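Tertiary structure, described
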Amino acid sequence: MSFLVRWEMCCGDVFIHYEYFYPVSRRGSLKYEGYSQIVSVVDMSLPEVLYEVPKPFVVERGPYSLRVTPGIDDDFRWPYSRPHDPTGNLLATYRTLASGIALGESRGPDGRTWWFVLMDGASRPLGIRGYQGAWEYAPPGRSYLGWMSRDALEEITHSPRNLDTYRYWRRR
């Protein structure tokens, strides 16, 4: 049996962390090891359409933005934000050839198709919006959930390195 742990920090941190654990048998004992850490944002909007099978992709041209909501919204106020915190729905930026899987989609206010994506932890972002709005470097090995416009994403036939879609994502 595998399980998922969900944890949040405190004091107005907007990030939710998910970590998968799976059983490993070693020398007659059973232990659990963490598989991957996924980071999301409190109250992130979910897709209108969920895909039956995730779509692997790469970023064709970067830097490319991962956002908290579908569409570009420079007036977006983050949960728990204070009046002097920065606004805007930009969560992270990724370089060319960063990879991920699309889990669903929605139409943005601009009419474009936006994919709800999980970025591969091996495709470390150039920068992330950190605690209380400051820009910082992403710790290694974290996968981020968010929204990317379909425009600069190219579907690929293989799953990204750390996102084994056939093992960890199930058909409905």
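Provided above is the structure to which this section pertains.
What this report covers is the structure whose coordinates are included nearby.

Definitions and cut-offs
Residues numbered from 1 in each chain as written. Predicted model: local features only at pLDDT ≥ 70, side-chain atom pairs only at ≥ 80, totals over all residues. Heavy atoms only, no water. Helix = DSSP H or I, 4+ residues; strand = E, 2+ residues; numbered from the N terminus. Buried < 20%, exposed > 50% of the residue type's maximum accessible area, 1.4 Å probe, protein only. Contact = heavy atoms within 4.5 Å. Areas by Shrake-Rupley, 256 points an atom, 1.4 Å probe, with all protein chains shown as cover.

So, about the overall build of the protein chain. Along the backbone of the protein chain there are 1 helix and 12 strands. Helices (α) and strands (β) of the protein chain occur, in sequence order from the N terminus, as β-β-β-β-β-β-β-β-β-β-β-β-α. Of all 172 residues assigned to the protein chain, the portion counted as buried reaches 45%. For the protein chain, long-range pairs separated by at least 24 residues make up 66% of all intrachain contacts whose partners lie at least 6 apart in sequence. Of the accessible surface of the protein chain, which amounts to about 9,600 Å², a share of 52% is contributed by carbon and sulfur atoms.

Here we come to the environment of Phe15. Within the secondary structure, Phe15 sits in strand E2 (residues 15-26). Of the residues examined, Phe15 reaches a relative accessible area of 7% and is grouped as buried. Sequence separation of Phe15 and Val42 is 27 residues, and the distance between their C-alpha atoms is 6.1 Å.

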